[in-house]
Amino acid sequence: MNRAHLDKLFTVLLAGVLAGLALAAAALPAALVLGLGVKNLMPYTTLPEALKAPQPAQRSNLYANDGQTLITSFYVEDRVDVPVGEVASVMRDAIVAAEDVRFYEHHGVDVRGVVRAFTANRREGTRQGASTLTMQYVRNALAGDPRLTEEQRAAATEITVGRKIREMRYALTLERQVGKDEILGRYLNIAYFGAGAYGIAAASKRYFSTTPDRLTLAQAALLAGLVRSPASDDPINGDADAAVARRAYVLDRMVETGRVSAADAAAAKATELALDPKSTPNDCAAVPAGHNDWGFFCDWFTQWWNAQPAFGKTVDERQRTLRRGGWSIVSSLDPDVQGKTSEQVRAIYPETIQRAAPTAVVQPGTGRVLALAVNRTYGVAENPAGQQNYPNTVNQLVAGGGGITGYQAGSTFKLFALLAALESGLPLDTEFDAPRVYVTKYPIDGGPASCGGRWCPENANTYWMDGDRDMWDAFGRSVNTYFAWLTERVGADRVVEMAERLGIVFRAPEDARMARDGAKNWGPFTLGVSATTPLDLANAYATVAAEGTWCRPTPVTSITDPSGRKVAAGNTDCRQVLDTEVARAAADASRCPVGDQSMYRKCDGGTAEELAPGLRRPLAGKTGSSERNATETVVAFTPQLSVATIAANPDDPRDAVGGGVQKRQIAAVGRILAWALRDQPVEDFVPPGQPVAFEHTSPRTGN
């Protein structure tokens, strides 16, 4: 056996025994000390996963779609790992001087340190533990491993001889398998520096608004000194004088070890603290103050994350994964489009109005959500009595969920009857002499639209709507009786199914019951009596814009784990749900309401005719008004973008917004589209073929 192996063996045996003595002499009976066996002092043969492949809790960052603009972070511990090579050499030297001056000489356990601790404990009655930097790392790694149970993590820090011996054995094993610089880097990334900063990257930012590679000698010495007592010595929230004194101690130790000159150390001691604190935002309430409107998008992102099985079996597990996993999440939020959307929403209704104008912007063909805006402050500040969502709220008024079921979107739901009819084999030029009132076969319980117990809708404008209509001008002029008749022909249940296929979610219990048990008789569904959200609606119309490709709405562009590997949960989820010709035909008819012209020159009047001329590019869409103008809706889309806005009072559905607001909605949607598309090429819709436009055929399903 060579000298090196003898040294290691001696280190193992003596260190184990003396470590037990050092602790036991201060707190345990002598019998326990004498009972320590040599076999319990040898290195382990294997390491736990926490030490072989460490996964300390790290913050996850949510960025805008440029991958640079930080929206917010999520964490239980503010930490982001950096390679040891990206840490300034003065910082590496300072932490060794402060915590383990013989780090590069021992094999994981410092025999001299153990003897010193044993002597001090016996003479002075103190509790020195003689932990090396490697042993400290072992303890922190086990205590912070998110893969362990709370009980297992607690065991890593319990004050017992058994824990200390176990720690030593792991340290000895670790140093046989991992190089010193790697251990030092792991330690720097896991150590707590106070003020909520875990790891050297977070600490550099928290105290000095810098990065680890730019730390000065004075800054490095200060940070290294904090590790011993981060709670009390924290110069931001604790004792700044203690932090300065500890800094001086570290500098003196660096001089003793020859890492810095006495002159440089003296200059660093004379340096003012010069703190430049910068906190890391945590959660959606911490979005930048100037971008409070990002909070609603961020909130929807957390809803989305909580629904992803890839991140855990339960919502709690998924939240732990988010807040400990160190993910880099590039969202779909476009700050430029979001800013313009928020501006235009407040042109519809200012924040001082109880009525709201939630608005969503979606990209066809990907489902990526570029903006979610509403004229509210994202926050939990107190509201006037009876106002849950005005002027402050964290409720999801744009995307729904969490108790928000949505709003009636009126005639925008005629799209689903149009699609169901086209899919059944009826062409766009299907004609019907639309009367002022049409008595259907659908039963209804009273109300103004009841004729002897049957649903009988009427047209809002007899002169403009009644008469011989086809799908083009019936959709353009929003002829209620035409679509009631069309729903009878294809079946109300098929209209409901079409809406579900395009992503309309029935969040209101009564709507869900009707969709499940009463769809065959739910004729009024065609006129938008079911609650929906701007996001669902914008995405449904985006499916038509994408020629029948439906994509699940997503707040992300990519998700990357700490190792730089992209995960599949960040990919788009798209599939063809409509025959391409059916979607093209629906887009062609949808050009009529907004003042554009169909490929076959069949548009003859629309409810928002001023929209297309102002945009000066091919455009489609629809408007909708619920009964008594309780809500007003505008949807518009191009092949590249889909926008939906709904005017409503989220706290009082009886407060009818009135038809006048629709003009402001139309103008706002036009400005949003014009701004968002200003640098994009003009794209036209692909014209539908002659058969889907003019010929009755067998059902048009598939692609």
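Look up a bit, the structure's there.
Residues numbered from 1 in each chain as written. Predicted model: local features only at pLDDT ≥ 70, side-chain atom pairs only at ≥ 80, totals over all residues. Heavy atoms only, no water.

**Digging into the packing of aromatic side chains**
Here is the rule we go by: The pairing test for Phe, Tyr and Trp rings, Trp by its six-membered ring, is centres within 6.5 Å, and the orientation test on the planes gives stacked under 30 degrees, edge-to-face over 60, and tilted for anything in between. The cut-offs for exposure are 20% and 50% of the maximum accessible area for each residue type, with area from a 1.4 Å probe on protein chains only; residues under the lower value are buried, those over the upper are exposed, and the others partly exposed. Two conditions define a charge located above a ring, namely a distance within 6 Å from the ring centre to NZ of Lys or CZ of Arg, and an angle within 35 degrees of the ring normal.
Under the criterion given, the structure shown has 28 aromatic pairs. When the centroid spacing of 3.7 Å and the interplanar angle of 5 degrees are considered together, the rings of tryptophan 305 and phenylalanine 311 count as stacked. For the residue pair tryptophan 305 and phenylalanine 311, the accessibility class agrees, reading buried in each case. The structure contains a cluster of three or more aromatic residues connected by ring pairs, namely Phe74, Phe301, Trp304, Trp305, Phe311 and Trp327. One cation-aromatic arrangement involves lysine 340 over tryptophan 675; the distance from NZ or CZ to the ring centre is 4.5 Å. Over the aromatic face of tryptophan 675 sits the side chain of arginine 678, whose NZ or CZ is 3.9 Å from the ring centroid.

**Details of the nonpolar core**
Operational definition: For our purposes a nonpolar core is just a set of buried Ala, Val, Leu, Ile, Met, Phe, Trp, Tyr and Cys residues, chained together by side-chain atoms within 4.5 Å. Contacts between residues were defined by any pair of non-hydrogen atoms, one from each residue, lying within 4.5 Å.
The biggest cluster of nonpolar side chains holds 106 residues, and the ones touching the most others in it are Phe416 and Tyr482. Not counting chain neighbours up to four residues away, the residues in contact with phenylalanine 416 comprise Val495, Met498, Ala499, Leu502, Ile504 and Ala540. Residues Ala50, Leu142, Leu174 and Met254 belong to the second largest nonpolar core, which totals 59 residues.

**Some remarks on the packing of helix H11 (residues 217-226) against helix H13 (residues 240-256)**
Using the following cut-off: Only the contacting stretch of a helix is used when fitting its axis, a line to C-alpha atoms as for every element, and angles between N-to-C directions run 0 to 180 degrees. Here a helix means four or more residues in a row that DSSP labels H or I, a strand means two or more in a row labelled E, and each is numbered from the N terminus. Angle categories are assigned with fixed cut-offs, so that under 35 degrees is roughly parallel, over 145 is roughly antiparallel, 65 to 115 is roughly perpendicular, and the rest are oblique. Polarity classes work like this: nonpolar for Ala, Val, Leu, Ile, Met, Phe, Trp, Tyr, Cys and Pro, charged for Asp, Glu, Lys and Arg, and polar for all others, with Gly in that last group.
One can describe the packing of H11 onto H13 by two numbers: an axis separation of 8 Å at closest approach and a directional angle of 110 degrees. Put simply, H11 runs roughly perpendicular to H13. Mapping the contact onto sequence places Leu217, Ala218, Ala221, Leu222, Ala224, Gly225 and Leu226 in H11 and Ala243, Arg246, Arg247, Val250, Leu251 and Met254 in H13. Residue composition of the contact of H11 with H13, by class: 10 nonpolar, 1 polar and 2 charged.

**Considerations on the state of the cysteines**
The condition that has to hold: Note on terminology: disulfide denotes any pair of cysteine sulfur atoms within 2.5 Å.
In total, this model carries 4 disulfides according to the counting rule given. What pairs with cysteine 592 in a disulfide is cysteine 603, and their sulfur atoms sit 2.1 Å apart. Between cysteine 592 and cysteine 603, the S-S torsion sits near -80 degrees, and that sign places the bridge as left-handed. With cysteine 592 in the loop between helix H25 (580-589) and helix H26 (611-615) and cysteine 603 in the loop between H25 and H26, the pair connects residues that are 11 residues apart, well separated along the chain. Accessibility assignment for this pair places cysteine 592 and cysteine 603 in one class, buried.

**Observations concerning the pattern of salt bridges**
Counted only if it meets this: We define a salt bridge as a contact between a side-chain nitrogen of Lys or Arg and a carboxyl oxygen of Asp or Glu at a distance within 4 Å.
One pass over the full model with this rule turns up 36 salt bridges. Between aspartate 110 and arginine 102 there is a salt bridge whose closest N-O contact spans 2.9 Å. Across the pair, arginine 102 and aspartate 110 agree in class, each one buried. Through salt bridges with shared partners, a single ionic network connects Arg139, Arg163, Lys164 and Glu167.

Function-wise, these values are silent; they only describe arrangement.
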